Every structure is written in structure tokens, then in C-alpha cells.
Amino acid sequence: MKLVHLSLRRDLDDGGHCGGDNNSTMTTNHRECNQMSTGAILLADIIPSVIIKFLAPFLPFCIHIRIGLSVIFQAAGYILVALSTKQWAIFGVVCTSFAAGLGEVTFLSYTTYFKENVVSPWSSGTGGAGIVGALSYAGLRSLHLSSSESLLIMLFVPALEAVVFVFLLKHPGKISVCNAPTDDELRSMMKNLSSEPDAPVSNVKLTLKEKIKFAPTLLKYMVPLVLVYFFEYFINQGIFELIYFPNIWLDCQSQYRWLQVDYQVGVFISRSSLNCFQFRWLWLLAVLQGLNVIFFTLEAVYNFCPSIWIVLAFVLWEGLLGGASYVNTFHRVSQEAPLDRKEFSVGVVCMSDSFGIAFAGILAIPVHNALCALPLYN
């Protein structure tokens, strides 16, 4: 959902400039930038998600109600963005942000109820969803369908999510509408997940005080993930739209959309790699993503790359780092968190990417404006 609206962001601006059009780029030093960077729409897209991800771990785990709300808000967001004015379209983005945040934190927490390792297929599925979202939107727009028509076609997505959750997903045991099992039921589930079935399980239901006390121990997972997402979304929403190659087979708006597709391909590959390769040095991924910020910022300022294919290679690398950080972080949490704190731990760490994205959106706006004020180097 988020990727569709970030791709759509280029089409919400009246000018649709990408650092100048094909002719003016070669004849003037002036950068023709959008009046509002994609960082602004990113804030509308992520702040509701941050709020719900922050609150969800401390609220009852009513999975059917949560997923129902996620589906409803997702569909409402698509309709508002497709059919409304720009002001109401922003509200539509807020709706889909709420839906995405609620759905992600709920499903990730729900993975702790399964005996099988479902973190890897979950991560692979979210990576694949990024490709499908970016590719389908770019493909529909290339068929000369409008943004509104493209999003209305995508309304089948929330309906499909509801059908899969209700009829196809094999739930781990019997769950009620509000999934709040008794102590005995939850203790039995935890023992089924444990490699030592007879091991005692204590403190199955954490109090609010216990949750607050335990949360700081998760910072070793959260901080690297926050940094990786901060760096990559700063690149994607503050820098991408300022990188433009004139006189090639793609116009400026198409270049932005296909850079997003390329990024999502990298994310999908690395999120699907857990069963083949595991990476424990989470801080190193953050450092490497920080180096990408330097490269893309210099490219936006000086336009030194001779070919778009070089940029595409770095964008793919950026996506690989982001996906690797996500899947390896949640794999480590699911493996290392105490058994009776797994659901809470996954829910808390889940808010890390949203914090990073929110910080990126805040910083992307002034940086975008500062870069736009610089002369255009040819």
C-alpha cells in the first residue's frame, strides 16, 4: 500500500518536474523541483502507522477485529485517493497508513503463535508485495490508465487479504474473535512452541509495568533497523526525485517509478534469503546503508554517473541491504526473545522501521529544498 502511494506521489504534483525537462536540463542551471518533496507525503503515509505500531503491543491481541479494521481502512484509502481532491487524497493516504501499520504489527506478532518458522515466508511475502505494488502501478500507468483508474483496479487487494485470512490461512489452534486465550491455553501454546515441552513457562501474561521494564532490552535490535530504514527512505523520498537522466527511453515520472520497482526487487531478494543466508551483524547493514546516502546525495548534486544503469545497480544494492536488515532482525528476535515475551518483543521491534521512515520524511523535506536551491551541474 505504501509503495503505491509513494509512486503515486509523483503524479499528485501539477508540474511533475524531475530536475528539469528533457530540453531545459541541457540549457539551464536551474533545477525545476516539485513544490513539495515526496518526504511530505511520506509523513502523511507513516505517522498514523507509527502511532498504531506504538500502541498495538500494549493493547489486547484481538486479531480478527484488527485485521477487519485493516481491510476496511485499506479499501477506504484506495477509494479516497482515487476519487477525491488532493486534500481528501491525503486523508486517504492516512487511512492506508493506519491499515498498513495495524496489519503489519498484528501479523508479525501472530507469527509467534506458529510452531513453524514463518518469519522467512512472511518477510518474503512482504518483499514480493513491494514488487507487485510498484510493478503493477508502473505497468498500469504505462498502459495510459490514470492514477485513479489504476488504484480502483487495485481494490481487489484488501478483498483478497480478507478472503485469505478467513478461508485459507491455517490458524494455530482454535482462536476466538478476540484472540485472548486463558492462562492455561496460552501456557499450552507456549509449551508446544518450546523445544523442551516440559519446561515451565512463567509470566505468560505480562503486566503493563513488566512490558515497560522489558522494552529497553530490545534496543539492540531496534536501533540498527531504525537507522537502515532512516537511510533508505531518506534516499527514496528525498533524493530519488532529484536524480534524472535526460534523453533516454524513460521520462522523468517513469524513471522515478522504475527506480522504486528496482528497489523493491532488491528488498524481495534479500527478504527471501533467510533460509539460505543469515546475517547477525545488524550494525554493519546500517553503516553500509549510510554509505549509500553519501553516493546518492553526490549523484543528485553533481550528476556524475554516465548511465542510469549504474544508479539502478546501487538502488538494487540499497534494497538488498534494507530487506536483509528487516528479515534478519525479526529472525533474531523470534529466536532470542524469551518464550513468554516473543509476541510483545516482535510487536515492539516492529515499530522500528516506522520510526526510521518518519525521521527520514522529516529530514527529507529541508534537504530536498536545499538541493533544489543548488545550481544544476551538467
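The structure under discussion appears in the preceding block.
If you're wondering where the values come from, they're calculated on a predicted model, not measured in any experiment.

Chemist: So what exactly am I meant to see when it comes to the overall build of the chain here?
Modeler: A count of helices and strands for the chain gives 15 helices and zero strands. When each of the 378 residues of the chain is scored for burial, the buried share is 54%. Sequence-distant contacts in the chain: of pairs separated by 6 or more residues, those separated by 24 or more amount to 82%. Accessible surface computed for the chain: about 16900 Å², of which carbon and sulfur atoms make up 68%.

Chemist: I'm lost on a nonpolar patch on the surface in this one. Help?
Modeler: A surface patch of nonpolar side chains, about 770 Å² in accessible area, is lined by Phe 156, Val 157, Leu 160, Val 163, Val 164, Val 166, Phe 167 and Leu 168. Assignment of secondary structure puts Phe 167 in helix H7 (residues 156-168).

Chemist: Quick question: what am I supposed to make of the environment of Ala 56 here?
Modeler: The residue Ala 56 is located in the loop between helix H2 (38-55) and helix H3 (63-83) in this model. The exposure class of Ala 56 is buried, given its relative accessible area of 3%. Placed 49 residues apart in sequence, Ala 56 and Val 105 show a C-alpha to C-alpha distance of 7.2 Å. When sequence neighbours within four positions are dropped, the list of residues in contact with Ala 56 reads Arg 66 and Val 105.

Chemist: Sorry, what's going on with the nonpolar core here?
Modeler: The tendency in soluble globular proteins is for nonpolar side chains to be buried as a group. Of all hydrophobic cores here, the largest spans 64 residues; its most connected members are Phe 296, Val 311, Phe 330 and Val 349. Broken down by element, the residue count for this core peaks at ten residues, all from helix H10 (residues 219-239). If sequence neighbours within four positions are ignored, Phe 330 has contacts with Leu 108, Val 119, Leu 225, Val 346, Val 349 and Cys 350.

Chemist: What's the story with helix H13 (residues 308-336) in this structure? I'm lost.
Modeler: For an α-helix the count is 3.6 residues per turn, leaving residues at separations of three or four pointing the same way. For H13, built from 29 residues, the straight-helix expectation of 42 Å at 1.5 Å per residue is met to within 8% by its first-to-last C-alpha distance of 42 Å. The N-terminus of H13 is capped by Ser 307, whose side-chain oxygen sits 3.1 Å from the backbone nitrogen of Trp 309.

Chemist: Would you mind going over unusual backbone geometry with me for this structure?
Modeler: Peptide bonds are trans in most cases, and residues, glycine excluded, mostly fall at negative phi. Residue His 144 is not a glycine yet carries a positive backbone phi of 70 degrees. Mapped onto the elements of the fold, His 144 is located in the loop between helix H5 (119-142) and helix H6 (147-153). One non-glycine residue, Asn 247, lies in positive phi territory at about 60 degrees. Structurally, Asn 247 is set in the loop between H10 and helix H11 (252-271).

Chemist: Looking at this structure, I do not really get the packing of H10 against helix H12 (residues 282-302). What am I missing?
Modeler: A pair of packed helices is characterised by two quantities: the angle between their axes and the separation of those axes. Look at H10 against H12: their axes get within 8 Å of each other, and the N-to-C directions meet at 15 degrees. As the angle between them shows, H10 and H12 are arranged roughly parallel. You can see that H10 and H12 cross each other, and the crossing is left-handed. Between H10 and H12, the contacting residues are Val 223, Pro 224, Leu 227, Val 228, Phe 231, Glu 232, Phe 234, Ile 235 and Ile 239 on the first element and Leu 282, Trp 283, Leu 285, Ala 286, Gln 289, Gly 290, Asn 292, Val 293, Phe 296, Thr 297 and Ala 300 on the second. Across the contact of H10 with H12, the residue classes break down as 15 nonpolar, four polar and one charged.

What counts and how
- Residues numbered from 1 in each chain as written.
- Predicted model: local features only at pLDDT ≥ 70, side-chain atom pairs only at ≥ 80, totals over all residues.
- Heavy atoms only, no water.
- Helix = DSSP H or I, 4+ residues; strand = E, 2+ residues; numbered from the N terminus.
- Buried < 20%, exposed > 50% of the residue type's maximum accessible area, 1.4 Å probe, protein only.
- Contact = heavy atoms within 4.5 Å.
- Areas by Shrake-Rupley, 256 points an atom, 1.4 Å probe, with all protein chains shown as cover.
- Patch = residues over 30% accessible without salt bridge, like charges linked within 9 Å, V, L, I, M, F, W, Y side chains within 5 Å.
- Salt bridge = Lys/Arg side-chain N within 4 Å of Asp/Glu carboxyl O.
- Core = buried A, V, L, I, M, F, W, Y, C linked by side-chain atoms within 4.5 Å.
- Expected span 1.5 Å × (residues − 1).
- Polar contact = N/O pair within 3.5 Å; in protein donor to acceptor, adjacent residues only side chain to side chain.
- Axes fitted to C-alpha atoms, helices over the stretch in contact; angles between N-to-C directions.
- Parallel < 35°, antiparallel > 145°, perpendicular 65-115°, else oblique.
- Left-handed = near helix turned anticlockwise from the far one by under 90°.
- Nonpolar A, V, L, I, M, F, W, Y, C, P; charged D, E, K, R; others polar.

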